[in-house]
Amino acid sequence: MEIEFEKEYLKELYEEGKTSSKKHRFQPQIIKQYKKALDYLKFAIKIEDLYLIRSLHYEELIGNKKGLESVRVNNQYRIEFKSRIESNELQTITICSIVELSNHYS
């Protein structure tokens, strides 16, 4: 899948392992697991591939987060994203737009 980031801090965390945003500070272990989960998303060909990786706990969200999907980073954090499929005559691409790295229980 192709990955897009809706917020700059999410891109910085993935590419640099840190962010300049003081509001979005995470422990090094969380950042490492975030990057690993994004790598799974990146190398998946389609959303259905995520069901096969049980540690991600892929799900479509409901309630006030309807329209978003998520995968787990660990027991506390999850990556929320939107996916869409774009195709042309040569190929079909699933684009995953990362919305948030959120605390699952807050």
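Residues numbered from 1 in each chain as written. Predicted model: local features only at pLDDT ≥ 70, side-chain atom pairs only at ≥ 80, totals over all residues. Heavy atoms only, no water.

Caption draft 1: Molecular detail of the pairing of strand S3 (residues 69-72). Of the two faces of S3, the one holding Glu69 and Val71 and the one holding Ser70 and Arg72 are both buried throughout. Where strand S2 (residues 59-60) lies against S3, two bridges are found, and the strand directions are antiparallel. If you follow glutamate 59 over to S3, its bridge partner there is serine 70. Sheet analysis places S3 next to strand S4 (residues 77-87), joined by four bridges and oriented antiparallel. If you follow arginine 72 over to S4, its bridge partner there is arginine 78. (Buried < 20%, exposed > 50% of the residue type's maximum accessible area, 1.4 Å probe, protein only. Helix = DSSP H or I, 4+ residues; strand = E, 2+ residues; numbered from the N terminus. Pairing = 2+ DSSP bridges.)

Caption draft 2: Here's a closer look at unusual backbone geometry. Here the phi dihedral of histidine 57 falls at roughly 50°; this positive angle occurs in a residue that is not glycine. Along the chain, histidine 57 turns up in the loop between helix H2 (28-43) and S2.

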